[in-house]
Structure formats: structure tokens, C-alpha cells
2 protein chains.
Amino acid sequence: MADCIFCAICAGKAEASVVIDDDYLAFMDIAPFATGHTLIIPRRHVQRVAELTSDERAGLFEVGNRIGTALREAGLAEDVHFVLNDGDKASQTVYHVHLHVVPRRSKDLRRLLPRVLTAFAPPLWRRRRTQLDAVAERIRAKLDG
Amino acid sequence: MADCIFCAICAGKAEASVVIDDDYLAFMDIAPFATGHTLIIPRRHVQRVAELTSDERAGLFEVGNRIGTALREAGLAEDVHFVLNDGDKASQTVYHVHLHVVPRRSKDLRRLLPRVLTAFAPPLWRRRRTQLDAVAERIRAKLDG
């Protein structure tokens, strides 16, 4: 879909630090809550969870589970949040359905707090592409299959 | 599993405001972030997402999607967050895997903020059972099938 940054990433026309490139794409969030914060999307442009087929919903969550396991094996997470913001009233900002996998570790609350407090200034938190690429590589190395 | 409050709800031995009682249970969160905040669990006691079978992961998300649609049709949500906290470092407090469906509406930030600020005093925010039962009934009325 024109003007969709995630469709542009699928088409290889926009930059991303990609972990999985298959029926679903997994790539690093550009303004991560924590190192390893990954987004998973279906290739097909769909805004809402309810517009996906059952198979697509299942696939999205399966890839999420693979990423969660790989984040732990890569030492980037002890535990993870799976978050899907469905609609703009629920903080969806890119209208191509995406599942967040957010790594958590013991005692990271202090590191997360400033990020929450500056939630309205996300560009300040954008990471360098080289840094995101390096994290993506760590996760890819731990993916099964 | 002994001492698991969600297993007790499945067995009908603990009180809950139930929306769906099938292979998966859906019931009202006792300390909701917003009216209609629903939890979905598999009957089988499993702590982590990775311990579920692929079918169970798919089923959990399918029920989540049905609840999200019903919340909108019941006028309880414009949009929703789907959140699964996987492990105690990611704020999992009941060790039986559960998917949150959290309703959001325009301009509800003001109502959510006090809840976030008192996140460490959840009992203060517990709702009366009659109130939770009434909300569950509104959602049930909008469920397909």
C-alpha cells in the first residue's frame, strides 16, 4: 500500500534491521523500549487484527513466539511482553498490523521509566541503523529453522 | 494445578465474571485498567507462551479477536490493546498464561493515568463482583456463535 512504511520495508524500499523475511517480517523497532524490541508484521497490508484471516493471526503469534525464544537465547531478554495495539485509540501509529515483542530483564524498570516519560518525543530515542543491525544479527543467530 | 487461581476458576471453585467458558475461558480482570478489560486463558495450566502448542497459541489469539470485536460492538471499546506478559520480569503475576484485552476510547488517557500511578496498590482498584458480572453480560450479548 502506498505511503505505508511497513509495506515499503516488505518491498525492500525502506531501510530496516530485519530478523525474519518470510510470509511474515520481523525487524527491529526503530525507537525500542529496550534493546531487542522487535516488530512482526504480515506482508499483506491490513490495519486491524479482525481483518486478518485466522491463519494470519496464528502465524503472527507463532513468529512472535519464535522471536521471544530467540531473544532469551541471545541474552537480550529474561522475559517478554507481547503487545498488539489495535487501532489509533490504542496507540497504533503505523496502520499495518504489527505485534511488538518487548524484552524485559530484572531491574530494568529504571531504564524504562525515562522512555515512558518521553513517550511523546520518540525521535529522540531512535537508534542508529548500525546498532539496530547488530541486535538483529544477535537474534537471527538464535532462530530455530 | 493446586494454588493456581485461574485453574480454580476453570474448575468452578473460584468466583469470576465469565464471558466464554469453552476450551478457553474469558473472564473479567478483577482490577481492570478500563471497563471491559478481559483475560483469556487456556484450560490447561501452562505458565509460558513457549509451553503452549501452536494450536493453543492460535486458539488464545482467536478468542482474543472475538472478545475485541465484542467489546467494540458492546460500546465498551473503540480500540483495544492485546497484551501478553510472559514471565515475572514482564509483569506476569498469575503463572497461568493469559492474554489481556484492554479496551480504549478517545480521551481516556486521563482516566488511565491514576491507575498507572497506583499500579502498586491494585486491591484499591478491585471492582465489585456485581459490576464485573454486568460488564461480562454486555460482552457475552455481542459474541458471535
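Above this text sits the structure in question.
Residues numbered from 1 in each chain as written. Chains lettered and ligands numbered in written order. Predicted model: local features only at pLDDT ≥ 70, side-chain atom pairs only at ≥ 80, totals over all residues. Heavy atoms only, no water.

**Remarks on the overall build of chain A**
Helices and strands together make up the secondary structure of chain A, namely four helices and five strands. Ordered by position from the N terminus, the helices and strands of chain A form the series α-β-β-β-α-β-β-α-α. Contacts in chain A between residues far apart in sequence, at least 24 positions, make up 61% of those at least 6 positions apart. (Helix = DSSP H or I, 4+ residues; strand = E, 2+ residues; numbered from the N terminus. Contact = heavy atoms within 4.5 Å.)

**Quick look at the side chain of D79(B)**
Along the chain, D79(B) falls in strand β4 (residues 79-86). There is a polar contact of 2.7 Å between the side chain of D79(B) and the backbone nitrogen of K89(A). A distance of 3.3 Å separates polar atoms of two side chains, one belonging to D79(B) and the other to R72(B). If sequence neighbours within four positions are ignored, D79(B) has contacts with R48(A), D86(A), G87(A), D88(A), K89(A), A90(A), R72(B), V102(B), P103(B) and R104(B). (Polar contact = N/O pair within 3.5 Å; in protein donor to acceptor, adjacent residues only side chain to side chain.)

**So, unusual backbone geometry**
Residue and element names in this part refer to chain A. Of note in this structure, S91 is not a glycine but carries a positive phi near 70°. Residue placement: S91 occurs in the loop between β4 (79-86) and β5 (99-104). On the basis of relative accessible area, S91 is assigned to the partly exposed category, the value being 40%. (Buried < 20%, exposed > 50% of the residue type's maximum accessible area, 1.4 Å probe, protein only.)

**Examining the pattern of salt bridges**
Following the criterion strictly, the structure yields 18 salt bridges over all chains and no others. A salt bridge links R57(A) to E62(B); the shortest N-O distance between them is 2.5 Å. Of the two residues, R57(A) is situated in helix α2 (residues 54-73) and E62(B) in helix α2 (residues 54-73); the pairing between them involves two chains. The partly exposed category is assigned to E62(B), whose relative accessible area is 22%. Ionic contacts of the salt-bridge type, sharing partners, join the residues R48(A), D86(A), R72(B) and D79(B) into one network. (Salt bridge = Lys/Arg side-chain N within 4 Å of Asp/Glu carboxyl O.)

**Re the relation of the copies chain A and chain B**
Each copy of the sequence occupies a distinct position, and chain A is placed on chain B by a rotation of 180° and an axial shift of 0.0 Å, giving an RMSD of 0.0 Å. Read as a symmetry element, the transformation amounts to a two-fold axis. Counting the interface residues of chain A, we find that 100% of their copies in chain B are interface residues as well, pointing to one common contact surface. (Least-squares fit on C-alpha atoms with pLDDT ≥ 70 in both.)

By themselves, these figures tell us nothing about what the structure is for.
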